[in-house]
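# Understanding the architecture of this molecule
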Amino acid sequence: MISGAEAMLQALLAEGVNTVFAYPGGSIIKVFDALYDHRKDLKQILVRHEQGAAHAAQGYARVSGRTGVAIVTSGPGATNTITGISDAMLDSTPLVVIAGQVSTDALGTDAFQEIDLVGVTQPITKWSYQIRRADDIAWAVARAFYIAGSGRPGPVVLDFTKTAQVSKIDFKPAKIEFERSYIPSPDPIESQINDAVRLIDNAQKPLVLVGHGVELGNAENELREFIEKADLPAARTLLGLSALPTDHPLNMGMLGMHGNLAPNVKTNECDVLIAVGMRFDDRVTGTLDTYAKQAKIIHLDIDKSEFGKNVKPDVTVLGDCRQTLKLITERMAKASHREWIESFKPLDKEEYDKVIDSAIHPTAGPLKMGEVVTEVSAQSPANSILVTDVGLNQMFSARYFKYRVPRSIVTSGGLGTMGFCMPAAIGATFGAPDRTVLAFFGDGGFQMNIQELGTIMENQAPVKMIVMNNTWLGNVRQWQQMMFQSRYSCTHMMNPDYSKIAAAYGIPYRLVTDRKELKDAVAQMLKAKGPFLLEAAVEEEENVMPMIKPGNPVDKMIFSID
């Protein structure tokens, strides 16, 4: 007979969990007492804030392909994870949050640190469940991991009452591989495959849109075989950037508001648009009433709720894209679209001449974000992981980092969470300990979860932190310049001395203000065995371009703010 708290840990171990990101408290203290006896078989990372636990678990999950786990207490401990849970839901990240809860006899009495966590999280999870009896632990944990990691992944919350934690049970782990009415990976439908093949075979100007679902489905090889057989140009969403190597000859660049000119323009010129594992987010589509109206649209997705939600497809292909891509590839004809692909090049040159060249090869003036990202990417190992915060740093690093292998970008796409980067990068170092983790911040996002420097210090997590400091909340400032007549309200930042902060946490630090020192500074950072903080003083009012202004079609990109 063991306690429910011990049973919870035994259930996690049965699911293959080897790392948890945690913060203790009164309503979960029995679990932490049980954790004391699992210091060898369960790595326990004490974060400095519960939001950090959720984001760290996300970072771990995104690079490892496993389900991330966060353990927190009730009340504010639980509600502090809400941002991370929401982020995981929008970005389809497998996450299990285990939160303490008051005893069952105190439920509904407004007891100390009681919150209706199931009620709060039901809209932002795949499943949220309160464990009131120790006998339910094995089933609940097995079901949680099955739901979180299968089909379209996402977050699950287990609200773990004190009563269930302290009760004694004869525990046996459970295994769940089927749930009635839950079909995580629907079988491909023959007619849908054939309809897609027919459109692709007849296409003269096809364009493939590569989304995050390709990596979630481990379908990178199937994607390459698909586009290479029929010579299909492909563009990637922000979360799908590393599903296809940057230097692949059929990679046409990034889609969206701050994506590349050519794929955005060609979206409104192609005759067949093939969307794979993406949800037609508004940052990708621009105004829907002008989006790809000339094209026949094929949408491949594992989640049928995405079909027609934003863009109405002509053909839907439901199922795991690893299966459906393979079936389509086997049946479609080999083809060549050289003339169509060549038509992307003048647009690439226009963007390079107007934006990219000056962004990555400036000859005078302050450092630019693009050149910092380019230098870091150039010196980093081929399998390095890019983790970003949100804002200009995110868009510059996404645009100019070179992706060589899958699962190489960790960023907050759907929710756009400032403060995501530091804890997510910590999680990534545990999820992929053999890879270099590069964390790009703006000075605003760096300070949002700056307390997690304590987690880095304690674990010597080898996060290479690059703060691109422009003393502004840069993305909002850009919008204020563009749409609010440069009325800069609450966007200029007075920042601390980052050298002293780094010293306080025992983290090596270097400031770069001159581009002549950039190469050496990056080399110093990458040679450091543990964490490193590199601060780059960049141009204060640099804007990320090109850009689709809100309310405009995807093919109307601007190169500067007049």
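Look up a bit, the structure's there.
Keep in mind it's a predicted model, so treat the numbers as computed, not measured.

So, how was this worked out
Within every chain, residues take consecutive numbers counted from 1 along the sequence as written. Side-chain atom pairs in this predicted model are given and counted only at pLDDT of 80 or more, local residue features only at pLDDT of at least 70, and totals for whole chains, interfaces and linings cover all residues. Water and hydrogen atoms were dropped before computing side-chain values, which therefore reflect all heavy atoms in the structure. Strand pairing is assigned whenever DSSP detects at least two bridges linking the two strands. Helix and strand definitions follow DSSP, with helices as H or I runs of at least four residues and strands as E runs of at least two, each counted in order from the N terminus. Every angle, taken between N-to-C directions, lies between 0 and 180 degrees, and every axis is a line fitted to C-alpha atoms, over only the stretch in contact when it is a helix. For this analysis, residues touch if any pair of their heavy atoms sits within 4.5 Å. Only protein chains enter the area calculation, which uses a 1.4 Å probe; residues under 20% of their type maximum are buried, those over 50% are exposed, and those in between are partly exposed. For classification purposes, angles smaller than 35 degrees are called roughly parallel, those larger than 145 roughly antiparallel, those between 65 and 115 roughly perpendicular, and all remaining angles oblique. Any residue outside Ala, Val, Leu, Ile, Met, Phe, Trp, Tyr, Cys, Pro, Asp, Glu, Lys and Arg is labelled polar, Gly included; the first ten of those are nonpolar and the last four are charged. Each helix crossing is assigned a hand: it is left-handed if the near helix lies turned anticlockwise from the far helix by less than a right angle, otherwise right-handed if that turn is clockwise.

With that settled, consider the sheet that holds strand E11 (residues 251–254). Here we have 6 strands laid out as an open sheet, ordered E11-E10-E9-E12-E13-E14, and parallel in their pairing. Of all the strands in the sheet, just E11 and strand E14 (315–318) have a single pairing partner and so form its edges. Adjacent strand axes in the sheet meet at a mean angle of 20°, parallel and antiparallel pairs treated alike. Pairing of strand E12 (residues 272–276) with strand E13 (residues 296–301) involves 5 bridges; the strand directions are parallel. In the strand pairing of E13, Ile274 is matched with Ile298. The strands touched by helix H9 (residues 190–202) are E12, E13 and E14; relative to E14, the strand with the most contacts, the crossing angle is about 130°. Where helix H14 (residues 321–331) meets the sheet, it contacts E12, E13 and E14, and its direction lies at approximately 135° from that of E13.

What follows deals with helix H24 (residues 518–527). If you check which residues of H24 are buried, you get Leu518, Ala521, Val522, Ala523 and Met525. Considering only its buried residues, H24 is in contact with helix H17 (369–379), strand E17 (437–442), strand E18 (463–469), strand E19 (509–512) and strand E20 (532–537).

Let us now look at the packing of helix H3 (residues 50–64) against helix H5 (residues 82–90). Close contact between H3 and H5 brings their axes to 7 Å; oriented N to C, the two are set at 25°. In terms of axis orientation, H3 runs roughly parallel to H5. In contact with Gln51, Ala54, His55 and Gln58 of H3, H5 contributes Thr83, Gly84, Asp87 and Ala88. Tallied by class, the residues present in the contact of H3 with H5 amount to 2 nonpolar, 5 polar and 1 charged.

Contact geometry of H17 with helix H18 (residues 392–400) gives a least axis separation of 9 Å together with a crossing angle of 50°. Compared by their axis directions, H17 and H18 come out oblique. Of the two possible hands of crossing, H17 and H18 adopt the one that is right-handed. For the pair H17 and H18, the contacting residues are Met369, Gly370, Val373, Thr374 and Ser377 in the first and Leu392, Asn393, Phe396, Ser397 and Tyr400 in the second. Of the residues that constitute the contact of H17 with H18, the class distribution is 5 nonpolar, 5 polar and no charged.

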